[in-house]
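What follows is each chain in one-letter form.
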Amino acid sequence: MRVLFVCLGNICRSPLAEVIANHEAERMGVAARFHFASAGTGNWHVGGGADPRSAQTAQTHGLDLSTHTAQQITAPTIGDWQWFIAMDADNHTQLLAMGVPANRLWMMRQFEPNTTTPPDVPDPYYGGADGFDHMYQLLGDNAARVIGQLLKQAA
Ligand code: 4NP
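My aim in this report is to walk through the structure given alongside it, one point at a time. From a predicted model like this one, the values you see are computed outputs, not experimental measurements. (Residues numbered from 1 in each chain as written. Predicted model: local features only at pLDDT ≥ 70, side-chain atom pairs only at ≥ 80, totals over all residues. Heavy atoms only, no water.)

This paragraph deals with the sheet that holds strand E3 (residues 83-86). Strands belonging to one sheet form pairs held by backbone hydrogen bonds; the direction of such a pair is parallel or antiparallel. Judged by pairing direction, the sheet is parallel, and its 4 strands sit side by side in the order E2-E1-E3-E4 without closing on themselves. At either end of the open sheet lies a strand with only one pairing partner, and these are strand E2 (35-40) and strand E4 (105-107). Each strand axis lies, on average, 25 degrees off the axis of its neighbour in the sheet, ignoring direction. Sheet topology note: the strand E1 (residues 2-7)/E2 ladder contains 6 bridges and is parallel. Its bridge partner lying in E2, Cys7 is registered against Gly40. The sheet strands contacting helix H1 (residues 13-28) are E1 and E2, and the helix crosses E2 at an angle near 170 degrees. Along the sheet face, helix H3 (residues 89-98) touches E1, E3 and E4 and points at about 170 degrees away from the line of E4. (Pairing = 2+ DSSP bridges. Helix = DSSP H or I, 4+ residues; strand = E, 2+ residues; numbered from the N terminus. Axes fitted to C-alpha atoms, helices over the stretch in contact; angles between N-to-C directions. Contact = heavy atoms within 4.5 Å.)

A separate point is the site of the ligand. Around the ligand, the neighbouring residues are Cys7, Leu8, Gly9, Asn10, Ile11, Cys12, Arg13, His45, Asp123, Tyr125 and Tyr126. Between Gly9 and the ligand, the recorded distance is 2.8 Å, taken from a backbone N or O atom to an oxygen atom. In the model, an oxygen atom of the ligand is placed 3.3 Å from a nitrogen or oxygen of the Tyr126 side chain. In the complex, the protein chains occlude 93% of the 350 Å² of accessible area that the ligand would expose alone. Among the cavities detected, the one that contains the ligand is the largest pocket. (Near = heavy atom within 4 Å. Polar contact = N/O pair within 3.5 Å; in protein donor to acceptor, adjacent residues only side chain to side chain. Areas by Shrake-Rupley, 256 points an atom, 1.4 Å probe, with all protein chains shown as cover. 1 Å grid on protein atoms, 1.4 Å probe; cavity = no way out; pocket = protein on both sides within 12 Å on 5 of 7 lines; lining within 4 Å. Sits in = over half its atoms within 2 Å of the grid points.)

The biggest cluster of nonpolar side chains holds 35 residues, and the ones touching the most others in it are Phe5, Leu16, Phe34, Phe36, Met108 and Leu139. Contributions of two or more residues to this core are made by E1, H1, E3 and helix H4 (129-154). The leading source of residues in this core is H4, at 10 residues. By size, the runner-up hydrophobic cluster in this structure holds 13 residues, among which are Ala37, Ile73, Phe84 and Leu95. (Core = buried A, V, L, I, M, F, W, Y, C linked by side-chain atoms within 4.5 Å. Buried < 20%, exposed > 50% of the residue type's maximum accessible area, 1.4 Å probe, protein only.)

A separate point is the packing of helix H2 (residues 52-60) against H4. Remark: H2 packs on H4, axes separated minimally by 10 Å, with the N-to-C direction vectors making an angle of 55 degrees. The orientation of H2 with respect to H4, classified from their angle, is oblique. Here the hand of the crossing between H2 and H4 comes out right-handed. In this structure, H2 uses Arg53, Ser54 and Thr57 to contact H4, whose residues at the interface are Phe132, Met135 and Tyr136. Here the residues of the contact of H2 with H4 sort into 3 nonpolar, 2 polar and 1 charged. (Parallel < 35°, antiparallel > 145°, perpendicular 65-115°, else oblique. Left-handed = near helix turned anticlockwise from the far one by under 90°. Nonpolar A, V, L, I, M, F, W, Y, C, P; charged D, E, K, R; others polar.)

So this is what it looks like as structure tokens:
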């Protein structure tokens, strides 16, 4: 299954979601079933690396963002992906407007218990270090849930 995590800049949230998902899928013994990647709806950072604060957060938890290269998701490449996982409601809206099929598009926090409308993974870009810790927590809490639901879809 080809799964694309999507945020705005592809330097903070979605790159971390991608490496956490890879790690979780390994841990669950299902890594061979997935190809995870990430992209932004915006183009400002295309070709650059991950935000140093996200890279540091990854490293703190034994994950590696040093080889990340930011890319943009645009309409012509929608067909490269089977599933799209948006970090926030804006990303979700942008992806729908671009032509991503609604039944292939989830929110990262879609399967969190006790939520009706899935909350955002807040953009940590303009905030402090605690925003990055919070982001890591939210992504870590939800990665296995998303993977579990993807496996159900494929069953
Ligand atoms: P991300 O964070 O969407 O999680 O990668 C952002 C990165 C860059 C900008 C906004 C959000 N920016 O405005 O440049």
